[in-house]
Amino acid sequence: MKFKIPPIPLSSSKNSCFPILKSLMASSLTQTQTQTLTIHSDPPQPDPEDDLLCSDQQQQQQQQLLLSSSDTLPFSLGSLTRCLAGESHIDRAWAHWLKLGRPKLIVAPMVDNSELPFRMLCRKYGAEAAYTPMLHSRIFTETEKYRDQEFTTCKEDRPLFVQFCANDPDILLEAAKRVEPFCDYVDINLGCPQRIAKRGNYGAFLMDNLPLVKSLVQKLALNLQVPVSCKIRLFPDLQVTINYAKMLEEAGCSLLAVHGRTRDEKDGKKIRADWNAIRAVKDALRIPVLANGNIRHIDDVQKCLEETGAEGVLSAESLLENPALFAGYRTGEWVVGSEGCDKVGKLDQTDLLVEYLKLCERYPVPWRMIRAHVHKMLGDWFRLHPHVREDLNAQSKLTFEFLYNMVDRLRELGTKMPLYTKDSHEDRVLANGLATGNV
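Everything numeric here is computed off the predicted structure, so don't read it as measured data.

Enquirer: Could you give me a rundown of the overall build of the protein, with the residues and numbers involved?
Expert: When its secondary structure is counted, the protein shows 19 helices and eleven strands. Counting over 439 residues, the protein shows a buried share of 60%. Contacts in the protein between residues at least 24 apart in sequence constitute 76% of all its contacts with a sequence separation of at least 6. Element-wise, carbon and sulfur atoms account for 49% of the exposed surface of the protein, whose accessible area totals about 17,400 Å².

Enquirer: Explain the nonpolar core to me, and be specific about the residues and the numbers.
Expert: Counting residues in hydrophobic clusters, the biggest one holds 109 residues, and the most contacted among them are Leu248, Leu256, Tyr356 and Ile370. When residues in this core are grouped by element, the largest group, seven residues, is from helix H14 (residues 349-362). Beyond its immediate chain neighbours, meaning those up to four positions away, Leu248 contacts Leu190, Val213, Val217, Cys230, Ile232, Cys253 and Leu256. Grouped together as the second largest cluster of nonpolar side chains are eleven residues, Trp97, Tyr131, Phe161 and Leu290 included.

Enquirer: Run through the pattern of salt bridges, naming residues and quoting values.
Expert: For the structure shown, the criterion picks out 19 salt bridges. Of the charged contacts, one joins Lys124 and Glu355 as a salt bridge, the two residues approaching to 2.4 Å between their closest N and O atoms. Of this pair, Lys124 sits in helix H4 (residues 116-124) while Glu355 sits in helix H14, and the two are 231 residues apart along the sequence. It is possible to trace a salt-bridge network through shared partners that takes in Asp112, Glu150 and Arg368.

Enquirer: I'd like a description of helix H9 (residues 210-223), backed by residues and values.
Expert: Between the first and last C-alpha of H9 there are 20 Å, a value that for 14 residues agrees with the 20 Å anticipated at 1.5 Å per step. Buried residues along H9 sit in contact with helix H7 (169-179), strand E5 (185-190), strand E6 (228-234), helix H10 (238-251) and strand E7 (253-262).

Enquirer: Before we move on, can you summarise the packing of helix H17 (residues 386-393) against helix H18 (residues 400-412) with the specific residues and values?
Expert: With their axes 11 Å apart at the nearest point, H17 and H18 run at an angle of 175° to one another. Accordingly, the angle class assigned to the pair H17 and H18 is roughly antiparallel. Taken together, the residues of H18 that come into contact with H17 (itself represented by His387, Val388, Asp391 and Leu392) are Phe402, Leu403, Met406, Arg409 and Leu410. When the residues that make up the contact of H17 with H18 are grouped by side-chain class, the tally is six nonpolar, one polar and two charged.

Enquirer: Report on the pairing of E6, specifying residues and quantitative values.
Expert: For E6, a buried count of seven out of seven residues is recorded, marking the element as mostly surrounded by other parts of the structure. Pairing of E6 with E7, which is carried by seven bridges, proceeds in the parallel orientation. Residue pairing in the sheet places Ser229 in a bridge with Leu255 of E7. Between the parallel pair E6 and E7, the chain is carried across by H10, and the sense of this crossover is right-handed.

Enquirer: Account for the packing of aromatic side chains, with residues named and values stated.
Expert: Taken as a whole and assessed by the stated rule, the structure comprises nine aromatic pairs. Summarising the aromatic geometry, the rings of Phe140 and Phe151 are spaced 6.3 Å apart at their centres and angled 55° between planes, so their arrangement reads as tilted. Pair noted here: Phe140 is in helix H5 (residues 137-142) and Phe151 is in the loop between helix H6 (144-150) and strand E4 (160-165), with a separation of eleven residues, a long-range link. The burial state of Phe140 is the same as that of Phe151; both residues are buried. The aromatic ring of Trp275 is capped on one face by Arg272, whose charged end is 5.9 Å from the ring centroid.

About the thresholds
Throughout this document, residue positions are counted from 1 along each chain, in the order its sequence is written. Local features in this predicted model are restricted to residues whose pLDDT is 70 or higher, and side-chain atom pairs enter the listing and the counts only when it is 80 or higher, whereas totals over whole chains, interfaces and linings include all residues. Each side-chain value is derived from all of the structure's non-hydrogen atoms; neither hydrogens nor water enter the calculation. Numbering of helices and strands runs from the N terminus; a helix is a DSSP stretch of H or I covering at least four residues, while a strand is a stretch of E covering at least two. Exposure classes here rest on a 1.4 Å probe applied to the protein chains alone. A residue is buried below 20% of its type maximum, exposed above 50%, and partly exposed in between. Any two residues whose heavy atoms approach within 4.5 Å at even a single point are treated as in contact. Computed by Shrake-Rupley with a 1.4 Å probe, the accessible areas treat only the displayed protein chains as cover when residues are assessed. What makes a nonpolar core is a set of buried Ala, Val, Leu, Ile, Met, Phe, Trp, Tyr and Cys residues whose side-chain atoms join them at distances within 4.5 Å. Salt bridge criterion: a side-chain nitrogen from Lys or Arg within 4 Å of a carboxyl oxygen from Asp or Glu. By this rule, a helix spans an expected 1.5 Å times one less than how many residues it contains. The axes used here are C-alpha line fits, helices contributing only the stretch in contact, and every angle between their N-to-C directions lies in the interval 0 to 180 degrees. An angle below 35 degrees is treated as roughly parallel, one above 145 as roughly antiparallel, one from 65 to 115 as roughly perpendicular, and anything else as oblique. Side-chain classes are defined by residue name, with Ala, Val, Leu, Ile, Met, Phe, Trp, Tyr, Cys and Pro counting as nonpolar, Asp, Glu, Lys and Arg as charged, and the others, Gly among them, as polar. Here the rule is simple: two strands pair whenever DSSP picks up at least two bridges between them. Classification remark: right-handed applies to a crossover when, strands pointing away from the viewer, the course from the first strand over the helix to the second runs clockwise. Within 6.5 Å between ring centres, the rings of Phe, Tyr and Trp (the latter by its six-membered ring) count as paired, and their orientation is classed by plane angle as stacked under 30 degrees, edge-to-face over 60, tilted in between. Note on criteria: charge over ring means Lys NZ or Arg CZ within 6 Å of the ring centre, with the direction from the centre no more than 35 degrees off the ring normal.

Encoded structure:
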């Protein structure tokens, strides 16, 4: 099974958080415009070739697509009888979470970066659940090409959160119905802080219109078979945040992910997430809560779970650099001062990139996504060998042959940049097949 969504040109603005900015600005849409999370990559603005799929398997895969028309997706109106209030909603929320195995290690939603091949790589190295990239609900309902190219999945890609941005309950429901059979939660993005989100009136800027937020959650909770989840940021006032979270729970939200920063705190490397605030939200709610922020290596996972009481953690930026984070591997940046004894592992980022490329050959995605991951995973290598990065940037049309040869070239330069792991930990990882299993 597989599905996707469209190649939309990246904005010329380096800080743009969604690749559909140009199409949005050219349209006359008002409240159904879109937004998304920041694209974390260093490469220059890609050539239109980067919006092409990375494999010629598209034709045969599209024969398997189930998202092209809504009449192929069964939808039961029986879910309208679901009760949103009281213990029945809370009981169902926990029963569903327990059925999924209570995943603790979760890949956060990242525009253009949490696509199927990357999710599968992270799952191989310990991730227990994952979010799709944020999808624009209106474009998803209107454009087959967008659906086909931006949202894909497979039977191993579970548990799965499908995240949408939206500001129209009916359009959101139409988009959600299409993905309902293929996911475990339909998630509403209430946390994107970027300017495009402000212009489009979605993400964290819906915090200024709580009745609309409530109507979005209620619309899905009353009409979907799968649970509704939400991902939020903090208000500057903690009590307001708690009240906000309670409103979402009462509206029918069955799982809440809390990013421990406010809408104005956009730089995750300079501003630490507030785990105490997440703990306060967790203590005030009866549904499962996930914590997002400051998950840079495996030790942070345990600390965060202990300090927040959350059911699980989300990681984003750190996973882009090190998709094996949840398997206990860490980059050299986080070895100095770490607790315990770290040793050089049998894995580095070039190994992870090769595995990612092989997954892309199996599950084709637009080249722009691959280009962004190459820059993220090999950022430290490129700083040592900028001429290799320049050669990559000069390639307006990427190929797998070029990328595999680039990896070989870096290795031949003799650079050693291993990932590190605790003593005895890697042997356990290898025994579990994480580092040696087939991609």
